[in-house]
Amino acid sequence: MEIRRTHPDTEIGPSNWFTGVAYMNNLKQPSDSNNLAIGSVTFTPGARTFWHSHPFGQTLIVTEGVGLVGRRGVAATEIRPGDVVVIEPDEHHWHGACVDQSMTHIHVNGVGLDGTYAIFFEPVSDEDYLR
């Protein structure tokens, strides 16, 4: 068992993963005995991920604010604190804050033996974001 009592370092998310400003906190790295990566992301108003997928799926737990999650060809869905979003393996999707509010979520991802947990594609267009 591991108990972490220190606050993780906050990083600004890379510009090839996010539109706008998102703050990332790594809460747990995968290990030989547990292949889960856990972190939190705070999206500033209007910020969102690029289109991406996860080979092992992803679970999001919204903790603050109001956000959106979208899938290819489907209108975005509003998400709020307490919502749990289960994203299937290899499903192309995005998530982020609403236009006028920030949003924070915890994410849980399985990580492959090669370290892969996400594959990022193109930015989400304003049309898809506002759909």
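Here's what I pulled together on the structure shown here. All residue numbers refer to position in the chain's written sequence, counted from 1. Selection of residues for local features in this predicted model requires a pLDDT of at least 70, selection of side-chain atom pairs for listing and counting requires 80 or more, and totals for whole chains, interfaces and linings are taken over all residues. Excluded from the side-chain calculations are hydrogens and water; all other atoms, namely the structure's heavy atoms, are used.

Some thoughts on the environment of Phe-56
In this text, helices come from DSSP runs of H or I with a minimum length of four residues, and strands from runs of E with a minimum of two, each type numbered from the N-terminal end. Position of Phe-56 among the secondary structure elements: in the loop between β6 (52–53) and β7 (58–65). In this structure the C-alpha to C-alpha distance between Phe-56 and Arg-72, which are 16 residues apart in sequence, comes to 18 Å. Residues are treated as being in contact if the distance between any of their heavy atoms lies within 4.5 Å. Other than its neighbours up to four places away in sequence, Phe-56 contacts Pro-89, Gly-110, Val-111, Gly-112 and Thr-116.

Brief notes about the environment of Phe-121
Of note, Phe-121 is situated in the loop between β13 (119–120) and α1 (126–130). Looking at Phe-121, the relative accessible area reads 29%, which means it is partly exposed. In sequence terms Phe-121 and Val-69 are 52 residues apart; their C-alpha atoms lie 16 Å from each other. With residues up to four places along the chain from it excluded, the contact list for Phe-121 reads Phe-50, Trp-51, His-52, Ser-53, Arg-72 and His-92. Relative accessibility decides the category of a residue: with a 1.4 Å probe and only protein chains considered, values under 20% of the type maximum give buried, values over 50% give exposed, and everything between is partly exposed.

Re unusual backbone geometry
Even without being a glycine, Asp-90 presents a positive backbone phi close to 65 degrees. In this structure, Asp-90 sits in the loop between β10 (84–87) and β11 (93–97).

Overview of the sheet that holds strand β12 (residues 103–110)
For two strands to be treated as a pair, DSSP must find no fewer than two bridges joining them. Reading across from one edge, β1-β3-β4-β12-β7-β10 is the order of the six strands in this open sheet, with antiparallel pairing throughout. With one partner strand each, in any of the chains shown, β1 (10–12) and β10 form the two edges of the open sheet. Strand-to-strand twist in this sheet, taken as the mean axis angle between neighbours without regard to direction, amounts to 25 degrees. Across four bridges, the pairing between β7 and β10 is antiparallel. Counterpart to Leu-60 in the pairing with β10 is Val-85. Under this scheme, a helix contributes an axis fitted over its contacting stretch, all axes are lines through C-alpha atoms, and angles between N-to-C directions fall in the 0 to 180 degree range.

Quick notes on the pattern of salt bridges
Side-chain pairing between opposite charges can occur once the charged atoms of the two side chains come close. Here a salt bridge means any side-chain nitrogen of Lys or Arg lying within 4 Å of a carboxyl oxygen belonging to Asp or Glu. In total, this model carries four salt bridges according to the counting rule given. Across the pair Asp-126 and Arg-48 runs a salt bridge, and its minimum N-O distance is 2.7 Å. Pair noted here: Asp-126 is in helix α1 and Arg-48 is in strand β5 (residues 48–49), with a separation of 78 residues, a long-range link. Judged by its relative accessible area of 5%, Arg-48 is buried. The shortest N-O distance in the salt bridge between Glu-78 and Arg-80 comes to 2.8 Å. In this structure Arg-80 comes out as partly exposed when scored by relative accessible area, which is 42%.

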